[in-house]
Amino acid sequence: MRVIGLMCVILLLGGCMEPGKRPFQLKNLAKSDIDMVADAHIRETQRLARLLAIKLYKRNPRELKKVPGMTLDRRLDQLFPPTRLVRGFDELGYKDGYEAAPLAFSENFEGDRVFALMAGVTGMLHRAYNGQKEVFLLDELDHQKLYNSARNLESIAWHLNNRHRPDGQLYLLSNGISDDGVTNYSYERILSKLISLQDMMANIIADSTNRTITRVVHSAASMTLLPI
């Protein structure tokens, strides 16, 4: 009877939501306030990363053409699968996360540099949240992983603007000034938002667990990224 009563309360709560508000979900009973915040951060980082991938491919269409028959939609499906993220890709030597991103700025790499970079970004973000798309009460996030991912994103932002090929051209085009004189810093803004989200979540987790973040002196110019 108590179980039946609880289910009735849940159904009533779900049916009494105000217009415009999200309906009650049973799984939310297994979430703390911090879990809810983490879920929001995961959704937003995925949205921003997807936007960054789209913009980089539009700015660097030659990279997509390096793989015959490849399309933007197929790349997005690889980078942002609906279920579990793939760990490592064949064309990247089965690297992902902080190991894949440096390929985008390697003179010897002949593959799709946007894909290498975004496999690095999405892999790092995914690992920072333990490979989860949602967080529940018994899950433990690591504040240091979140912090390290923010520092790695800072390095990626620096390399996008500063790493050149032997012929003097940037490995990947991003921020810049168009032929008509319009300044575009949208790539930098996206990465800045991602960095802020990761730093914010790292501080929230550290405070909630009464732990201290190990602040690392890490040069943004270094292509040796912090492990996650």
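Treat the numbers as computed from the prediction; the structure is a model and nothing was measured.

Visitor: Teacher, can you tell me more about the side chain of Asn 175 here?
Guide: Following the sequence through the fold, Asn 175 ends up in the loop between helix H6 (143–162) and strand S1 (176–177). Judged by relative accessible area, Asn 175 falls into the buried class, the value being 13%. Polar contacts involving the side chain of Asn 175 include one to the side chain of Asn 161, which spans 3.0 Å. When neighbours within four sequence positions are excluded, Asn 175 is seen to be in contact with Arg 59, Asn 161, Asn 184, Tyr 185, Ser 186, Tyr 187 and Glu 188.

Visitor: How should the pattern of salt bridges be read in this particular structure?
Guide: Pairing between side chains of opposite charge can happen when the charged atoms of each approach one another. A complete count under the given rule lists nine salt bridges for this structure. Overlapping salt bridges bring together Arg 62, Glu 63 and Lys 66 as one network.

Visitor: Help me understand the packing of aromatic side chains, please; the structure alone is not making it clear to me.
Guide: Any aromatic ring pair is given by two values, namely how distant the centres are and how the planes are angled relative to each other. Counted according to the given criterion, the structure contains one aromatic pair. For the cation-ring pair, Lys 55 lies above Tyr 187, with the distance from its terminal atom to the ring centre recorded as 5.0 Å. Sitting over the face of the ring of Tyr 147, Arg 151 holds its NZ or CZ atom 4.7 Å from the ring centroid.

Visitor: How do you make sense of the side chain of Gln 144 when you look at a structure like this?
Guide: Mapped onto the fold, Gln 144 is located in helix H6. The residues contacting Gln 144, other than those within four sequence positions of it, are Ile 213, Thr 214 and Val 216.

The rules behind each value
Residues numbered from 1 in each chain as written. Predicted model: local features only at pLDDT ≥ 70, side-chain atom pairs only at ≥ 80, totals over all residues. Heavy atoms only, no water. Helix = DSSP H or I, 4+ residues; strand = E, 2+ residues; numbered from the N terminus. Buried < 20%, exposed > 50% of the residue type's maximum accessible area, 1.4 Å probe, protein only. Polar contact = N/O pair within 3.5 Å; in protein donor to acceptor, adjacent residues only side chain to side chain. Contact = heavy atoms within 4.5 Å. Salt bridge = Lys/Arg side-chain N within 4 Å of Asp/Glu carboxyl O. Phe/Tyr/Trp six-rings, centres within 6.5 Å; stacked < 30°, edge-to-face > 60°. Lys NZ or Arg CZ within 6 Å of the ring centre and 35° of its normal.

All we've got here are geometric facts, nothing functional implied.
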